[in-house]
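An overview of the molecular structure
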Amino acid sequence: MNIILWIITALLTLLFLAAGTIKIAQPKAKLAASGQGWAEDFPERAVKGIGTAEILGALGLILPAVLNIATVLVPTAATGLFLLMIGAAITHARRGEIPNVIINIVLGILAAGVALARFGPYSF
């Protein structure tokens, strides 16, 4: 089970690092033009804030465990990413972007699973 958790954690880390980097690196108008229409509903600073939260959450998923420092941050970061995915799913649902809602739900479930397992029986 520990190996499965590491695989899920690595996958989530890569996905959230990529998503967050895109949100920080590209202007809001370019994000909206590239199919991320939700960005139109938020100020530029909020989009950058969401990207920053995704990057910090991704780093929090992996670095504490790898460095064996403050490992309680792993499930805490997973919980934060789960909450972020709830907000994302609500935003996409309001816009009628059902494929994005499904992605948010899947990522949220994976993050919640990591949080529950690392807070519980498979903690470090």
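The coordinates are above.
Computed from a predicted model, the values in this text were never measured in an experiment.

Right, let's talk about the overall build of the protein chain for a bit. Across its full length, the protein chain carries 5 helices and 0 strands. Each helix and strand of the protein chain, placed in order from N terminus to C terminus, yields the pattern α-α-α-α-α. If one aligns the C-alpha atoms of the protein chain with their principal axes, the spans along those axes are about 40 × 25 × 20 Å. Per-residue burial for the protein chain yields a buried fraction of 36% across its 124 residues. Across the protein chain, every contact between residues at least 6 apart in sequence was considered, and the portion connecting residues at least 24 apart equals 62%. Per element, the accessible surface of the protein chain, about 6,800 Å² overall, is 74% carbon and sulfur.

What follows deals with the pattern of salt bridges. Under the criterion given, the structure shown has 4 salt bridges. Among the salt bridges present, the one from Asp 41 reaches Arg 95, with a minimum N-O distance of 3.0 Å. Of the two residues, Asp 41 sits in the loop between helix H2 (28–33) and helix H3 (44–67) while Arg 95 sits in the loop between helix H4 (73–94) and helix H5 (98–119), which places them 54 residues apart along the sequence. Judged by relative accessible area, which is 47%, Asp 41 ranks as partly exposed. A relative accessible area of 32% places Arg 95 in the partly exposed class. Each member of the salt-bridge network shares a partner with another, and the members are Asp 41, Arg 95 and Glu 97.

Once that is clear, we can look at the packing of aromatic side chains. For the structure on display, the rule yields 2 aromatic pairs. Relative to Phe 124, the ring of Trp 6 lies with its centre 6.1 Å away and its plane at 65 degrees, an arrangement referred to as edge-to-face. With Trp 6 in helix H1 (residues 2–25) and Phe 124 in the segment after H5, this pair connects stretches of sequence that are 118 residues apart.

Before going further, it helps to examine the packing of H1 against H3. Here H1 crosses H3 at 150 degrees, and the two axes come no closer than 7 Å. Between H1 and H3, the interaxial angle falls into the category roughly antiparallel. Considering the relative orientation of H1 and H3, their crossing is left-handed.

Definitions and limits used
Residues numbered from 1 in each chain as written. Predicted model: local features only at pLDDT ≥ 70, side-chain atom pairs only at ≥ 80, totals over all residues. Heavy atoms only, no water. Helix = DSSP H or I, 4+ residues; strand = E, 2+ residues; numbered from the N terminus. Buried < 20%, exposed > 50% of the residue type's maximum accessible area, 1.4 Å probe, protein only. Contact = heavy atoms within 4.5 Å. Areas by Shrake-Rupley, 256 points an atom, 1.4 Å probe, with all protein chains shown as cover. Salt bridge = Lys/Arg side-chain N within 4 Å of Asp/Glu carboxyl O. Phe/Tyr/Trp six-rings, centres within 6.5 Å; stacked < 30°, edge-to-face > 60°. Axes fitted to C-alpha atoms, helices over the stretch in contact; angles between N-to-C directions. Parallel < 35°, antiparallel > 145°, perpendicular 65-115°, else oblique. Left-handed = near helix turned anticlockwise from the far one by under 90°.

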